[in-house]
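Listed below, chain by chain, are the residues.
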Amino acid sequence: MDRRYFEIEVPNRLTISDTVTQAALLPESSILSAFHCEAAAALGEECLSAAKVFSTFADVAHTDPICYLGTWSNRMANIAKCLADIEELSFQQVVEFCSAPVDPNDPIVLSGLRTFAQSLVATNQVPLPDNMVFDAQTPTTVSAVFHLERICQIYDLYLWLARRSNPLVYRSEKEAREARAEVVEAITNAIRGQLEIDSSEDVVARVAEQLMDDDLPGSRRKIRSIELGSVS
């Protein structure tokens, strides 16, 4: 195909199948903070839960017809409930953690988020946990790949938070990037290599077996978190 074909024929063949009629909105943290203060004053509740603030804001907020609030409030409210017992977190910090790219239905990644939140309130610093810095071996089973993928998501979470905070707080950004690169390489090697797929593997059971009690400071009760060690 010559250049003339791309200049004349290709644009004529391109069509827009869907017309954009609405745009989803995510309220800024400053707006949520202002709403939190007003709601707490109006209700006479100093310790109004973040989950309640998010859901109430979504219920009462009005937008231009071309915009809508989407489902962000449900996701953020569910994450806020998982952080509710870490009482030392400010509302602004809760908003930041709840805005992070976390699936509230993924207990492994949520445990990473909780670990970061606990470290923040305990020391005002969030280093990468020692058990997340390891030599990633090429996985040979589906569950091992699944495990490394979740670890990679926790690295992504750490880097997302680091980009939005003081570098003196999230001081392991370089280590997180390097560790993430190793994990991605291990997963890639497994996919390109001879990965044994055992359909009888109970992935959920394997993950559950790796859950352990976490007694990091910053919480009044022990939580469940994943032991992020080397897997094969």
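Refer to the preceding data block for the structure.
So, here is what we can say about the structure in this document. (Residues numbered from 1 in each chain as written. Predicted model: local features only at pLDDT ≥ 70, side-chain atom pairs only at ≥ 80, totals over all residues. Heavy atoms only, no water.)

Description of the overall build of the protein chain
Phase 1: In terms of helices and strands, the protein chain carries 9 helices and 4 strands.
Phase 2: Listed N to C, the secondary structure of the protein chain is α-β-α-α-β-α-α-α-α-α-α-β-β in terms of helices and strands.
Phase 3: When burial is assessed residue by residue, the protein chain has 39% of its 232 residues classed as buried.
Phase 4: Long-range pairs, those at least 24 residues apart, make up 69% of the contacts in the protein chain with a sequence separation of at least 6. (Helix = DSSP H or I, 4+ residues; strand = E, 2+ residues; numbered from the N terminus. Buried < 20%, exposed > 50% of the residue type's maximum accessible area, 1.4 Å probe, protein only. Contact = heavy atoms within 4.5 Å.)

Let's talk about the packing of aromatic side chains
Phase 1: In the structure shown here, the tally under the stated rule is 6 aromatic pairs.
Phase 2: Aromatic pair Tyr158 and Tyr170: ring centres 5.4 Å apart, planes at 75°, arrangement edge-to-face. One end of the pair, Tyr158, is in helix α7 (residues 142-163); the other, Tyr170, is in the loop between α7 and α8 (173-192), and 12 residues separate them in sequence. Across the pair, exposure class does not vary: Tyr158 and Tyr170 are buried alike. (Phe/Tyr/Trp six-rings, centres within 6.5 Å; stacked < 30°, edge-to-face > 60°.)

Some thoughts on the nonpolar core
Phase 1: One finds Phe54, Leu83, Phe97, Leu113 and Leu161 to be the most contacted residues of the largest nonpolar core, which totals 57 residues.
Phase 2: Counting residues per element, the ones that place at least two in this core are α2 (29-43), α3 (50-60), α4 (72-83), α5 (91-98), α6 (107-123), α7 and α8.
Phase 3: The greatest single-element share of this core, amounting to 12 residues, is contributed by α7.
Phase 4: Residue contributions to this core reach at least three from each of two domains, namely domain 1 (22-86) and domain 2 (100-199). (Core = buried A, V, L, I, M, F, W, Y, C linked by side-chain atoms within 4.5 Å. Domains from an automatic or database assignment.)

Looking at the pattern of salt bridges
Phase 1: For the structure on display, the rule yields 6 salt bridges.
Phase 2: In this structure, Arg150 and Glu149 form a salt bridge, with 3.9 Å as the shortest nitrogen-oxygen distance.
Phase 3: Given the relative accessible area of 15%, Arg150 is considered buried.
Phase 4: The class of Glu149 is partly exposed, set by a relative accessible area of 33%. (Salt bridge = Lys/Arg side-chain N within 4 Å of Asp/Glu carboxyl O.)

A few points about the packing of α4 against α6
Between two packed helices, the angle of one axis relative to the other and the distance separating the axes together describe the packing.
Phase 1: Remark: α4 packs on α6, axes separated minimally by 10 Å, with the N-to-C direction vectors making an angle of 55°. Taken together, the axes of α4 and α6 lie oblique to each other. Where α4 crosses over α6, the handedness of that crossing is right-handed. Together, Ile79, Cys82 and Leu83 of α4 and Leu110, Leu113, Arg114 and Ala117 of α6 make up the contact between the two elements. (Axes fitted to C-alpha atoms, helices over the stretch in contact; angles between N-to-C directions. Parallel < 35°, antiparallel > 145°, perpendicular 65-115°, else oblique. Left-handed = near helix turned anticlockwise from the far one by under 90°.)

What to know about unusual backbone geometry
Phase 1: Residues other than glycine seldom take positive phi values, yet Asn124 does so here, at roughly 65°.
Phase 2: Within the element layout of this structure, Asn124 appears in the loop between α6 and α7.

A look at the packing of α7 against α8
Phase 1: One can describe the packing of α7 onto α8 by two numbers: an axis separation of 9 Å at closest approach and a directional angle of 155°. On the basis of their axis angle, the class for α7 and α8 is roughly antiparallel. The two elements α7 and α8 cross, and the hand of that crossing is left-handed. Residues Val145, Leu148, Glu149, Ile151, Cys152, Tyr155, Asp156, Tyr158, Leu159, Ala162 and Arg163 of α7 lie in contact with α8, whose contacting residues are Glu173, Ala176, Arg177, Ala179, Arg180, Val183, Val184, Ala186, Ile187 and Ala190.
Phase 2: Counted by class, the contact of α7 with α8 contains 15 nonpolar, no polar and 6 charged residues. (Nonpolar A, V, L, I, M, F, W, Y, C, P; charged D, E, K, R; others polar.)

With respect to α4
Phase 1: Taking 1.5 Å of rise per residue, 12 residues should cover 16 Å, and α4 covers 17 Å from first to last C-alpha, within 8% of that figure.
Phase 2: Buried residues of α4: Trp72, Ser73, Met76, Ala77, Ile79, Ala80 and Leu83, and no others. Projected down its long axis, α4 carries its buried residues within an arc of 165°, all on one side. The exposed residues of α4 that point more than 90 degrees off its buried face are Asn74 and Lys81.
Phase 3: Buried residues along α4 sit against α2, α3, α5 and α6. (Expected span 1.5 Å × (residues − 1). Arc of directions from axis to C-beta.)

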